[in-house]
Amino acid sequence: MNPSIRYLLRNKLLYSFLCLLFITTQAHGASAQSNLPYHVVLPIIAASHPTPTPTPSPTDTASPTPIPSSTSTPNPVHTGIATYYTEADGNGACTFGSSPNDLMVAAMNADEYNQASVCGEYVRVTGAKGSITVRIVDLCPGCSAGHLDLSPQAFTQIDDLAKGRVPITWQVISPEISGPILYHFKDGSNQWWTAVQIRNHRNPIAKFEYFDYSKSQYVTVARTGYNYFVESAGMGAGPYKFRVTDVYGNQIVDSGVPGGDNTTVVGSKQFPPGP
């Protein structure tokens, strides 16, 4: 007989014998087996058949969506104080010029003046007697954050003038306003040194740009502390193409704007109401 066949037959007979022995043992030792603790067998089964670890889906590791906080409010309510100054006539650090027919004006504190970025914005001020809307036209150098220095005419609308210094709350607003925005060219402006101020704007101004036709691109113009956007190298001879952006991202684009020296040009539209 072939040795390999003889080897297989011998192992087959051994396997049959072991199976018969196991059956006999189970039949006579059932009572003894039942006394064995069952949990001794479980780890062996678990070890021989491990449960596969699931692969996490992308959503399992994604960060939760952040909840917007109150600090993201575009026009927060400020708490502060109000005083008044008798020189208030509509002119001041913002260099808008006097406005004798509109004395609902105020000066912003030095901490929040922010390089004239608040110039021309409208603020609703609330005191003990009620609320009034004022336009920011000036800077109060000695005032701290939250402080507004009002015209006497505005102050009397929120509290008694005799008090002089009163607690208030105030908030930047986007009021109804008549007419489109205005472009005012400062005295001395020309093609080699050009200074433009935005007037009559409903919302605070964030950016002013002119279009450089030689480079086919817009150029952002820096704002000065006296509230003019000044291009020290000049914007060219004009007419100009301007793009003005408010703090809410709205834009107004005007083309064919003629330049000038101490002249005002009417824009095409007004900004929409803010939030």
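To be clear, the structure that these remarks concern was listed above.
Keep in mind the model is a prediction, meaning the values are calculated, not measured.

Caption draft 1: Inspection of the overall build of the protein at higher detail. Scanning the protein from N- to C-terminus turns up six helices and 14 strands. Within the protein, buried positions represent 35% of all 275 residues. A fraction of 69% describes how many contacts in the protein between residues 6 or more apart in sequence connect residues 24 or more apart.

Caption draft 2: The side chain of S99, seen in detail. Along the polypeptide, S99 turns up in the loop between β1 (78–84) and β2 (105–109). Since its relative accessible area comes to 13%, S99 is described here as buried. Side-chain polar atoms of S99 contact the side chain of R135, separated by 3.4 Å. The contacts of S99, once residues within four sequence positions are left out, are D89, G90, V105 and R135.

Caption draft 3: Seen up close, the environment of R223. Positionally, R223 belongs in the loop between β10 (217–220) and β11 (229–231). Given a relative accessible area of 14%, R223 falls into the buried group. Excluding residues that lie within four positions of it along the chain, R223 makes contacts with Q115, A116, S117, C119, I205, Y228 and F229. Side-chain polar atoms of R223 contact the side chain of N227, separated by 2.9 Å.

Caption draft 4: Looking closely at the nonpolar core. Residues V123, V125, V134, L148, L150, I158 and I168 are the most contacted members of the largest nonpolar core, which totals 30 residues. Elements with a minimum of two residues in this core: β2, β3 (122–127), β4 (130–140), β5 (148–150), α6 (152–155) and β6 (166–173). Of all the elements, β4 adds the most residues to this core, at five residues. Those residues in contact with I158, other than ones at most four positions away along the chain, are A82, V125, G127, A128, K129, G130, S131, I132, L150, V166 and I168. With 19 residues, the next largest nonpolar core counts Y183, V196, F229 and M235 among its residues.

Caption draft 5: Focus on the side chain of R202. Relative to the assigned elements, R202 resides in the loop between β8 (194–199) and β9 (205–212). Exposure remark for R202: the relative accessible area of 7% places this residue in the buried category. Side-chain polar atoms of R202 contact the backbone oxygen of F271, separated by 2.3 Å. If we skip the residues at most four places from it in the chain, R202 touches Y122, I173, S174, P175, E176, I177, Q270, F271, P272 and P273.

Caption draft 6: The arrangement of the sheet that holds strand β14 (residues 263–266) in detail. Ordered by their spatial adjacency, four strands build an open sheet running β11-β8-β7-β14, and the pairing between neighbours is antiparallel. The strands lining the two open edges of the sheet, one partner per strand, are β11 and β14. Recorded for the sheet is a direction-independent mean angle of 25° between the axes of neighbouring strands. Here strand β7 (residues 182–185) pairs with β8 via four bridges, running antiparallel. When the bridges of β8 are listed, F185 appears paired with V196.

Caption draft 7: Looking closely at the state of the cysteines. Taken as a whole and judged by the stated rule, the model has two disulfides. Disulfide pairing is shown between C94 and C119; the S-S distance is 2.0 Å. Handedness here is read from the sign of the S-S torsion; for C94 and C119, about -80°, the answer is left-handed. One end of the pair, C94, is in the loop between β1 and β2; the other, C119, is in the loop between α5 (110–113) and β3, with 25 residues separating them in the sequence. Across this residue pair, the class does not change: C94 and C119 are buried. A sulfur-sulfur separation of 1.9 Å characterises the disulfide bridge that pairs C140 with C143. The disulfide joining C140 to C143 has a torsion of about 55° about its S-S bond and is therefore right-handed. In this structure C140 comes out as buried when scored by relative accessible area, which is 10%.

Caption draft 8: Representation of the packing of aromatic side chains within the structure. Counted according to the given criterion, the structure contains ten aromatic pairs. Ring geometry for F208 versus F229: centroids 5.3 Å apart, planes at 40°, classification tilted. Taken as a pair, F208 in strand β9 and F229 in strand β11 lie far apart in primary sequence, 21 residues in all. Each of the two residues, F208 as well as F229, counts as buried. Ring pairing ties together the aromatic residues Y183, F185, F208, F229, Y240 and F242, which thus form one cluster. Sitting above the plane of the Y228 ring, K186 keeps its charged end 5.8 Å from the centroid. Cation over ring: R243 sits above Y218, and NZ or CZ is 3.8 Å from the ring centre.

Rules behind the numbers
Residues numbered from 1 in each chain as written. Predicted model: local features only at pLDDT ≥ 70, side-chain atom pairs only at ≥ 80, totals over all residues. Heavy atoms only, no water. Helix = DSSP H or I, 4+ residues; strand = E, 2+ residues; numbered from the N terminus. Buried < 20%, exposed > 50% of the residue type's maximum accessible area, 1.4 Å probe, protein only. Contact = heavy atoms within 4.5 Å. Polar contact = N/O pair within 3.5 Å; in protein donor to acceptor, adjacent residues only side chain to side chain. Core = buried A, V, L, I, M, F, W, Y, C linked by side-chain atoms within 4.5 Å. Pairing = 2+ DSSP bridges. Axes fitted to C-alpha atoms, helices over the stretch in contact; angles between N-to-C directions. Disulfide = S-S within 2.5 Å. Phe/Tyr/Trp six-rings, centres within 6.5 Å; stacked < 30°, edge-to-face > 60°. Lys NZ or Arg CZ within 6 Å of the ring centre and 35° of its normal.

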